[in-house]
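# Report on the structure
These are the residues of each chain, in order.
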Amino acid sequence: MLGKTGEKVNRVLEFAVPDEVLEERICGRWMHKASGRSYHVKFKPPRSYDGSSAPSASNMLDDETGEALYQRGDDTAEALKK
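These lines cover the structure that appears in this document, whether it is placed above or below. In every chain, residue numbers begin from 1 and rise along the written sequence. Thresholds applied to this predicted model are a pLDDT of at least 70 for local features of residues and 80 or more for the giving and counting of side-chain atom pairs; totals over whole chains, interfaces and linings are not thresholded and use all residues. The side-chain values count all of the structure's non-hydrogen atoms but skip hydrogen atoms and water molecules.

## Considering the overall build of the chain
The secondary structure content of the chain amounts to three helices and two strands. Starting at the N terminus, the α and β elements of the chain follow one another as α-α-β-β-α. Between the two quantities, the radius of gyration covers C-alpha atoms and the globule rule is 2.2 Å times the number of residues to the power 0.38. Taking 82 residues into account, the globule formula puts the C-alpha radius of gyration at 12 Å, and the chain, at 17 Å, lies well above it. The principal-axis extents of the C-alpha atoms in the chain amount to approximately 50 × 30 × 20 Å. The rule is simple: take the accessible area with a 1.4 Å probe, protein chains only, and divide by the maximum for that residue type; under 20% is buried, over 50% is exposed, in between is partly exposed. When each of the 82 residues of the chain is scored for burial, the buried share is 17%. The contact criterion used is simple: two residues touch if any of their non-hydrogen atoms lie within 4.5 Å. Of the contacts made within the chain by residues no fewer than 6 positions apart, 43% connect residues no fewer than 24 positions apart. Entry remark: accessible area of the chain is about 6500 Å², with carbon and sulfur atoms responsible for 53%. Across the chain, the centroid of the 13 positively charged side chains sits 7 Å from that of the 14 negatively charged ones. Runs of H or I in DSSP of at least four residues are treated as helices and runs of E of at least two as strands, each being numbered from the N terminus. The method behind every accessible area is Shrake-Rupley, applied with a 1.4 Å probe, and residues are considered shielded solely by the protein chains displayed. Residues counted as positive are Lys and Arg, residues counted as negative are Asp and Glu, and His and the chain ends are not counted. Lysine's charge is taken at NZ, arginine's at CZ, aspartate's at CG and glutamate's at CD.

Now the structure itself:
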């Protein structure tokens, strides 16, 4: 792709992020399917989430519609280990 435009890679960055931080960020994401709105249990929780119970479809509800949010299949601890 870069060769087509005559560009070359001249820098590469490596981010050293602890696994625990990645898991917290990724596994905390919840989505509203129809709109694509995203929420996070710690950083941007929906109003319906009390912050102390385990997040679930019954307590993770979209702020605008009240519809249940969902977690993508690749936003789980099990998927991260693959």
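Still more ground to cover, so stick around.
## Things to note about the packing of aromatic side chains
By convention, a stacked pair of Phe, Tyr or Trp rings (six-membered ring in the case of Trp) has centres within 6.5 Å and planes under 30 degrees apart, an edge-to-face pair has planes over 60 apart, and any other such pair is tilted. Evaluated as defined, the whole model comprises zero aromatic pairs. Geometrically, a lysine NZ or arginine CZ counts as sitting over a ring once it is within 6 Å of the ring centre and also within 35 degrees of the ring normal. Above the plane of the ring of Y70 lies K33, whose end atom (NZ or CZ) is 5.3 Å from the centre. Positioned above the aromatic ring of Y39, the side-chain terminus of K44 is 5.6 Å from the ring centre.

## With respect to the environment of D75
Structurally, D75 can be placed in the loop between β2 (38-40) and α3 (77-80). Of the residues examined, D75 reaches a relative accessible area of 1% and is grouped as buried. Spatially, the C-alpha atom of D75 lies 7.7 Å from that of G28, the residues being 47 residues apart in sequence. Dropping the residues within four chain positions of it, D75 is found in contact with I26, C27 and R29.

## So, a negative patch on the surface
On the surface, a cluster of negative charge is made up of D19, E20, E23 and E78. The dominant element in the negative patch, judged by the number of residues it contributes, is helix α2 (residues 19-27), at three residues. Within the secondary structure layout, E20 lies in helix α2. The class for E20 is exposed, based on a relative accessible area of 59%. Like charges within 9 Å and nonpolar side chains (Val, Leu, Ile, Met, Phe, Trp, Tyr) within 5 Å are joined into patches, using only residues over 30% in relative accessible area that form no salt bridge. One side-chain nitrogen of Lys or Arg within 4 Å of one carboxyl oxygen of Asp or Glu is enough to make a salt bridge.

## Considering the pattern of salt bridges
On inspection of all chains with the given rule, the structure shows seven salt bridges. Taking the shortest distance from any N to any O, the salt bridge between R37 and E64 comes out at 3.5 Å. Of the two residues, R37 sits in the loop between β1 (29-31) and β2 while E64 sits in the loop between β2 and α3, which places them 27 residues apart along the sequence. Judged by its relative accessible area of 64%, E64 is exposed.

## Some points on a nonpolar patch on the surface
There is a patch of nonpolar side chains on the surface, built from L13, F15, V17, V21 and L22 and spanning about 500 Å² of accessible area. As for its position among the elements, V21 is in helix α2. Judged by relative accessible area, V21 falls into the partly exposed class, the value being 38%.

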